[in-house]
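Here is how the chains run, residue by residue.
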Amino acid sequence: MNNTAASPMSTATSSSGRNTGKSTSFASELQSMMFSLGDARRPLHETAVLVEDVVRTQLLNLLQQAAEVSQLRGARVISAEDLLFLMRKDKKKLRRLLKYMFFRDYKSKIVKGIDEDDLLEDKLSGSNNANKRQKIAQDFLNSIDQTGELLAMFEDDEIDEVKQERMERAERQTRIMDSAQYAEFCESRQLSFSKKASKFRDWLDCSSMEIKPNVVAMEILAYLAYETVAQLVDLALLVRQDMATKAGDPFGHAISAAFIQYHSSAEGSSIKSYPDSPENTPPPTPTAPSSGSQHSGKTASASLGNGSAGQDSAKTKQRKRKKSTAACGVEAHSDAIQPCHIREAIRRYGRRIGPLSPFTSAYRRTGMAFLAC
């Protein structure tokens, strides 16, 4: 498939020119998903909005290419075969999709009451009563596979290193959680786009498409949407780790310009937000008392002095309170993924295609590499 998709950060109307799905938002769900994937307990809303824009843009471009493939084979709907054809070149992600399709059928048959032993026998024997989605994928890959590499994925039990790393990260993340935090974490891990199928369809504005995806294709799209979020979080965590200054690092100054621009603007906004903070308020200028009133107004000056001292102490407490509030806000968001981390992750991922990728016509035309396939 084409390895690039339009960038959602280039223009305001970059999401394939469609604005009807903007009224439906997954920002709150994405915050919970990002928390379960390794982000802070309270991910930033602006980061979730950016991730939502990236995911939606990529899925719309994927649907456009799937519709073109569907037209070439004379079909009336976008089916699982069209998406499998687009993903055929990335063996690792195709293997994950095949496993997902098997476990979808596994779950549905377990819910229907089929014995687990019978289900495993169907899988091993390859009978016609085996998994419906897996049979669709197997029949289609058999029709286009000339080397046997694609069909070999059904028998491949290789451990997915990316999935393993995510599980290990989740295990480390839950070590310091109490019971309430762990319950929230478990609820966040159960969220997916497939559990809100109607909202997901409206989010992609499927009603306005000439060639609409069927039910199995929508399940695959929901899976790819979640995988895109997971990969964005994986890459953003690596970017955040690289951007963290390390003592004695000779390359510590070589950080992204987007990171510098973001933090400089954040510092400027913090100065405007707290104009009376101790850092922004100059020290008071001391005034020498007049010599004529040094002895005659001791009592009055003492009373006034006590009052001014009380006001100064109140102002000092207020400034300390503002400073501590600001520090708590910075500390609360210091571990959260920032929008600059997402942008830098997309930039680095797009450059992996080749050293001359920014100069190719395809790169200038579309801009960003697909994350899900």
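Structure: above.
Just so it is clear, the model here is predicted, and its values are computed rather than measured.

Engineer: Honestly, the overall build of the chain in this entry has me stumped. Any pointers?
Structural biologist: Tallying secondary structure elements over the chain gives 14 helices and 2 strands in all. Sorting the 373 residues of the chain into buried and exposed places 38% on the buried side. Taking contacts inside the chain between residues at least 6 apart in sequence as the whole, the part at least 24 apart equals 74%. Summed over its atoms, the accessible surface of the chain is roughly 21900 Å², and 54% of this surface lies on carbon and sulfur atoms.

Engineer: Would you mind going over the nonpolar core with me for this structure?
Structural biologist: Soluble, globular proteins show a tendency: their nonpolar side chains are buried together. Core analysis: the biggest nonpolar cluster contains 62 residues, and Leu59, Leu98, Phe193, Phe200, Leu204 and Leu221 have the highest contact counts within it. Ranked by the residues each element gives to this core, the list is headed by helix H10 (residues 215-243), at 16 residues. Apart from residues no more than four positions distant in its own chain, Leu98 is found in contact with Leu84, Ala137, Leu141, Met153 and Phe154.

Engineer: Just checking my understanding: could you explain a negative patch on the surface for this structure?
Structural biologist: The grouping of Glu158, Glu161, Glu165 and Glu168 at the surface amounts to a negative patch. Relative to the assigned elements, Glu158 resides in the loop between helix H6 (132-144) and helix H7 (161-174). With a relative accessible area of 46%, Glu158 lands in the partly exposed category.

Engineer: When you look at the packing of aromatic side chains in this model, what are you seeing that I'm missing?
Structural biologist: Think of a pair of aromatic rings as described by two things: how far the centres are apart, and how the planes are tilted against each other in angle. The final tally for this structure, using the stated rule, is 11 aromatic pairs. With 5.3 Å between their ring centres and 75° between their planes, Phe26 and Trp203 make a pair best called edge-to-face. Here Trp203 lies in helix H9 (residues 197-203) and Phe26 lies in the loop between strand E1 (4-6) and helix H1 (27-36), a separation of 177 residues in the sequence. Across this residue pair, the class does not change: Phe26 and Trp203 are buried. Among the aromatic residues, ring-to-ring pairing joins Phe26, Phe193, Phe200 and Trp203 into one connected group. Positioned above the aromatic ring of Phe85, the side-chain terminus of Arg88 is 3.9 Å from the ring centre. Over the ring of Phe26 we find Lys199, and its NZ or CZ is 4.6 Å from the ring centre.

Engineer: Before we go on, may I ask you to explain helix H4 (residues 91-112) in this structure?
Structural biologist: In an α-helix, one full turn covers 3.6 residues, which means residues spaced three or four apart are oriented alike. Relative to the 32 Å expected for 22 residues at 1.5 Å per residue, H4 spans 32 Å between its end C-alpha atoms, a close match to the ideal helical length. Listing the buried residues of H4 in full gives Lys93, Leu94, Arg95, Arg96, Leu97, Leu98, Tyr100, Met101, Phe102, Asp105, Tyr106 and Lys109.

Engineer: Hey, could you run me through helix H13 (residues 339-350) in this one?
Structural biologist: Under the 1.5 Å per step criterion, the end-to-end length of H13 is 17 Å for 12 residues, consistent within 8% with the ideal 16 Å. The buried fraction of H13 is high, at 9 of 12 residues. Where H13 is concerned, the buried positions are Pro339, Cys340, His341, Ile342, Glu344, Ala345, Ile346, Tyr349 and Gly350.

Criteria and thresholds
Residues numbered from 1 in each chain as written. Predicted model: local features only at pLDDT ≥ 70, side-chain atom pairs only at ≥ 80, totals over all residues. Heavy atoms only, no water. Helix = DSSP H or I, 4+ residues; strand = E, 2+ residues; numbered from the N terminus. Buried < 20%, exposed > 50% of the residue type's maximum accessible area, 1.4 Å probe, protein only. Contact = heavy atoms within 4.5 Å. Areas by Shrake-Rupley, 256 points an atom, 1.4 Å probe, with all protein chains shown as cover. Core = buried A, V, L, I, M, F, W, Y, C linked by side-chain atoms within 4.5 Å. Patch = residues over 30% accessible without salt bridge, like charges linked within 9 Å, V, L, I, M, F, W, Y side chains within 5 Å. Salt bridge = Lys/Arg side-chain N within 4 Å of Asp/Glu carboxyl O. Lys, Arg positive; Asp, Glu negative; His and termini not counted. Charge placed at Lys NZ, Arg CZ, Asp CG, Glu CD. Phe/Tyr/Trp six-rings, centres within 6.5 Å; stacked < 30°, edge-to-face > 60°. Lys NZ or Arg CZ within 6 Å of the ring centre and 35° of its normal. Expected span 1.5 Å × (residues − 1).

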